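These are the residues of each chain, in order.
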Amino acid sequence: MKSKNVITIAVFAAIAILTSCGGSKKDGLPNFSDDEFAVSTISTSSAALQTTYPATIKGIQDVEVRPKVSGFITKVFVHEGQTVSAGQPLFSIDSETYQAAVRQCQAAVNTAKAQANTAKLTYKNNKNLFDSHIIGEYELSTAANTLATAEAQVAQAEAALASAREQLAWCVVKSPSAGVVGSLPFKEGALVSASGQALTTVSNISTMEVFFSISESELLNMGKNNGNMQAAIAAFPPVKLQLADGSFYEQPGKVVKMSGVIDASTGAVSLIAHFANPDKLLKSGGSGSIVISNDNSNAIVVPQEACSQVQDKIFVYAVGKDNKVKYTEIKVNPQDDGKNYIVTSGLRTGDRIVVKGITKLTDGQQIKPITLERYNQKIAEAAKLAESQDNAHEFAKAMSGKK
């Protein structure tokens, strides 16, 4: 019994020693002195940011198909999503009325030609009589005018016949271009007209146009950096297309043109990027996001945990030569990766800033700088000490018979 008590006392003595080694540390955190803070020296590094813009996807040529004549649809030759060639029949419209019009116009042509032939014979006869001095010039001129009128009536009838035949041909609605058929809201038996809704849309999706907008300030910066907008478009980096499901389209895109007018309501200008679509994965009318990568090999990058934000301003604690900190405002790129900021002004290469524990600082406070490596080393030492203490407590429980 005495021996067991001796062992227990020894165990608790060991625990007390281990605990005292930790000083006043709490929860495994290192016991930094009040003036010790991790400080890093500013240097340049490579930074890659991505700017994302909402985008709309359209075929390089989207053509609405509308009938030129009114009537009932008698046949639909295609289905949604079918690839068609230019001139391929898509619909047929009841043509009985238009066929009758062609026959009527053909009859009018025949009548006009017969009258013209009669007028021609009359003119020839009068010409012979005139040459024989049997009739005067008046009768000859009258016959010539009658012939001219008859020939004009023939031309008028033939024009009407051509128009009737064209309208008859319009009863077969053909594809105006090569592409993919869109939705088909009208089926057989539906009454359609030239002034009504489009029958369908044919989209050329071999190449897709992706529309996105940039701000006026971005547009001006592009022009200043490249001399003019044509050069800016030519120098525009390849862009990526993020699809609606979050995946990235495998084909790169190229910005090829922009609108010439800034939208007064949004202050933005529309740009158009072309994407090859060999597998027909992209569909006209789809949506996505244009992603533009911006690489900077001489960027000043600071961790966001080294910064404090007050309203729309961002501050860091810069460390002077006398190791006193100064609450310093910095300007950063609006795009970031969620962990770091790219500084555009307020810091220079060689400046020092506090990167850990800034919430404990006040402006003008003098500190004892330590390196980030030393800071992390103290964190690791504290973790090991905490683990040792936990093991000692578990050992004490086991030896004392507690659970």
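Residues numbered from 1 in each chain as written. Predicted model: local features only at pLDDT ≥ 70, side-chain atom pairs only at ≥ 80, totals over all residues. Heavy atoms only, no water.

### With respect to the nonpolar core
Grouped together as the largest cluster of nonpolar side chains are 26 residues, with contacts concentrated most on Phe212, Leu241, Phe275 and Ile290. At the level of secondary structure, the elements contributing two or more residues to this core comprise β2 (44-65), β9 (200-215), α4 (216-226), α5 (229-234), β10 (240-243), β12 (268-276) and β13 (287-303). The greatest single-element share of this core, amounting to 5 residues, is contributed by β9. With sequence-adjacent residues up to four places away left out, Ile290 is seen in contact with Thr51, Thr52, Tyr53, Ala55, Val210, Phe212, Val239, Lys240, Leu241 and Phe275. By size, the runner-up hydrophobic cluster in this structure holds 18 residues, among which are Val84, Phe91, Leu199 and Val202. (Core = buried A, V, L, I, M, F, W, Y, C linked by side-chain atoms within 4.5 Å. Buried < 20%, exposed > 50% of the residue type's maximum accessible area, 1.4 Å probe, protein only. Helix = DSSP H or I, 4+ residues; strand = E, 2+ residues; numbered from the N terminus. Contact = heavy atoms within 4.5 Å.)

### A short note on the environment of Gln106
Along the polypeptide, Gln106 turns up in helix α2 (residues 96-131). Owing to a relative accessible area of 27%, Gln106 belongs among the partly exposed residues under this scheme. Separated by 56 residues in sequence, Gln106 and Ala162 place their C-alpha atoms 9.3 Å apart. If we skip the residues at most four places from it in the chain, Gln106 touches Leu161 and Arg165.

### Comments concerning the pattern of salt bridges
Following the criterion strictly, the structure yields 10 salt bridges and no others. For the salt bridge of Glu36 with Lys368, the shortest nitrogen-to-oxygen distance reads 4.0 Å. With Glu36 in strand β1 (residues 36-41) and Lys368 in strand β19 (residues 368-370), this pair connects stretches of sequence that are 332 residues apart. Residue classification places Glu36 among the buried residues on the basis of a relative accessible area of 14%. Glu329 is the partner of Lys331 in a salt bridge, and the nearest nitrogen-oxygen pair spans 3.3 Å. For Lys331, a relative accessible area of 45% translates into the label partly exposed. Judged by its relative accessible area of 30%, Glu329 is partly exposed. (Salt bridge = Lys/Arg side-chain N within 4 Å of Asp/Glu carboxyl O.)

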